[in-house]
Amino acid sequence: MEITYLPFNNDELPCKKTFELGNENYSLAIRYNDRFDFYSAELYDNDETLLFSGKLTYLEDYIDSVVENIDSSVKVVPIIIDDVLKEYPTVTRISSDNFDDVRLCVEIF
């Protein structure tokens, strides 16, 4: 298993960055909804075709369904790194107060 993280911070949002996930390059766009205080993401392939869109939920895989052209062994999980060593997480949701502490960890099984 390989784990890396995708660097995003609140000051640069909305933004779109390209990353290698598995053996393919994808673009991930992150947006903040200030009305309801949540973050969403859109995943695009090399041809800028939208593959998946959804809300970022703390400690849950962003890609929560089977999506054509996305390797199912790739998991993108928002987490605060310090929570890995704790019995219980320090937060229950991603908000503007903690987004800069959250890392989008990419696990490849």
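Per chain, the residues get numbers from 1 upward, laid out in the order the sequence is written. A pLDDT threshold of at least 70 governs which residues receive local features in this predicted model, and a stricter bar of 80 or more applies before side-chain atom pairs are shown or counted, although totals over entire chains, interfaces and linings include all residues. To obtain the side-chain values, all non-hydrogen atoms of the structure were used and water was disregarded.

1. Brief notes about the pattern of salt bridges
Step number 1: Think of a salt bridge as a Lys or Arg side-chain nitrogen and an Asp or Glu carboxyl oxygen that are within 4 Å of each other. All told, the structure shown has four salt bridges when counted by the stated rule.
Step number 2: Its salt-bridge partner being Glu48, residue Lys16 comes within 2.4 Å of it at the nearest N-O pair. Separated by 32 residues along the polypeptide, Lys16 in strand 2 (residues 15–21) and Glu48 in the loop between strand 4 (38–44) and strand 5 (50–55) bring together distant segments of the chain.
Step number 3: Salt-bridge contacts for Glu42 lead to Arg31; the nearest nitrogen and oxygen are separated by 3.2 Å. By definition, any uninterrupted DSSP run of H or I lasting at least four residues is a helix, any uninterrupted run of E lasting at least two residues is a strand, and each is numbered from the N terminus.

2. Focus: the packing of aromatic side chains
Step number 1: Note on ring pairs: Phe, Tyr and Trp rings are taken, using the six-membered ring of Trp, and paired if centres are within 6.5 Å. Classes follow the plane angle, with under 30 degrees stacked, over 60 edge-to-face and the rest tilted. Under the definition given, this model contains four aromatic pairs.
Step number 2: For the ring pair Tyr32 and Tyr39, a centre distance of 4.7 Å and an interplane angle of 40 degrees mean the geometry is tilted.
Step number 3: Accessibility expressed as a relative area gives 29% for Tyr32, which makes it partly exposed.
Step number 4: Aromatic pair Tyr39 and Phe99: ring centres 4.1 Å apart, planes at 15 degrees, arrangement stacked. Of this pair, Tyr39 sits in strand 4 while Phe99 sits in the loop between strand 6 (74–80) and strand 7 (102–108); the two residues are 60 residues apart in sequence, bridging distant segments of the chain. Residues Tyr39 and Phe99 agree in their burial class; the two are buried.
Step number 5: Connected via pairs of aromatic rings, a cluster forms that spans Tyr32, Tyr39 and Phe99.
Step number 6: The lysine or arginine in question, Lys16, covers the ring of Tyr44, its NZ or CZ lying 3.9 Å from the ring centre. Whether a residue is buried, partly exposed or exposed follows from its accessible area with a 1.4 Å probe, protein chains only, as a fraction of its type maximum: under 20%, in between, or over 50%, in that order. Only when the NZ atom of a Lys or the CZ atom of an Arg is both within 6 Å of the ring centre and within 35 degrees of the ring normal do we say a charge sits over the ring.

3. Observations regarding the sheet that holds strand 2
Step number 1: Pairing between strands requires that DSSP locate at least two bridges from one strand to the other. Ordered by their spatial adjacency, four strands build an open sheet running 2-3-4-5, and the pairing between neighbours is antiparallel. Unpaired on one side and paired on the other, strand 2 and strand 5 mark the two borders of the sheet. Going across the sheet, the axis of each strand differs from the next one's by a mean of 25 degrees, ignoring polarity. The convention used is that axes are lines fitted to C-alpha atoms, helices contributing only their stretch in contact, and that angles between N-to-C directions extend from 0 to 180 degrees.

4. Regarding the side chain of Ser27
Step number 1: As for its placement among the helices and strands, Ser27 is situated in strand 3 (residues 24–33).
Step number 2: What makes Ser27 buried here is its relative accessible area of 6%.
Step number 3: One polar contact links Ser27 to Thr18, side chain to side chain, over a distance of 3.0 Å.
Step number 4: Contacts are assigned to residue pairs that have any heavy atoms within 4.5 Å of one another. Sequence-distant contacts of Ser27, defined by excluding residues within four places in its chain, comprise Lys16, Lys17, Thr18, Glu42, Leu43, Tyr44 and Glu48. Counted as a polar contact is a pair of N or O atoms within 3.5 Å, where, for protein atoms, one must be capable of donating a hydrogen and the other of accepting one, and residues adjacent in sequence contribute only when both atoms are in side chains.

5. Looking at a negative patch on the surface
Step number 1: Like-charged residues are merged into a patch within 9 Å and nonpolar side chains (Val, Leu, Ile, Met, Phe, Trp, Tyr) within 5 Å, provided each residue has over 30% relative accessible area and no salt bridge. Working definition of accessibility: Shrake-Rupley area with a 1.4 Å probe, residue cover restricted to the visible protein chains. Counted charges follow a simple rule, with Lys and Arg positive, Asp and Glu negative, and His plus the chain ends left uncounted. Charge coordinates come from a single atom per side chain, which is NZ of Lys, CZ of Arg, CG of Asp or CD of Glu. A cluster of acidic side chains, namely Glu2, Glu20, Glu24 and Asp71, defines a negative patch on the protein surface.
Step number 2: Summarising the element assignment, Glu2 is placed in strand 1 (residues 2–6).

6. Here's the deal with the confidence of the model for the protein chain
Step number 1: pLDDT gives the predictor's per-residue confidence on a scale running from 0 to 100. In the predicted model, the protein chain carries a mean pLDDT of 89, and 97% of its residues have values of at least 70.
Step number 2: In the model of the protein chain, strand 1 stands out as the element of lowest mean pLDDT, 80, in contrast to strand 4, which has the highest, 95.

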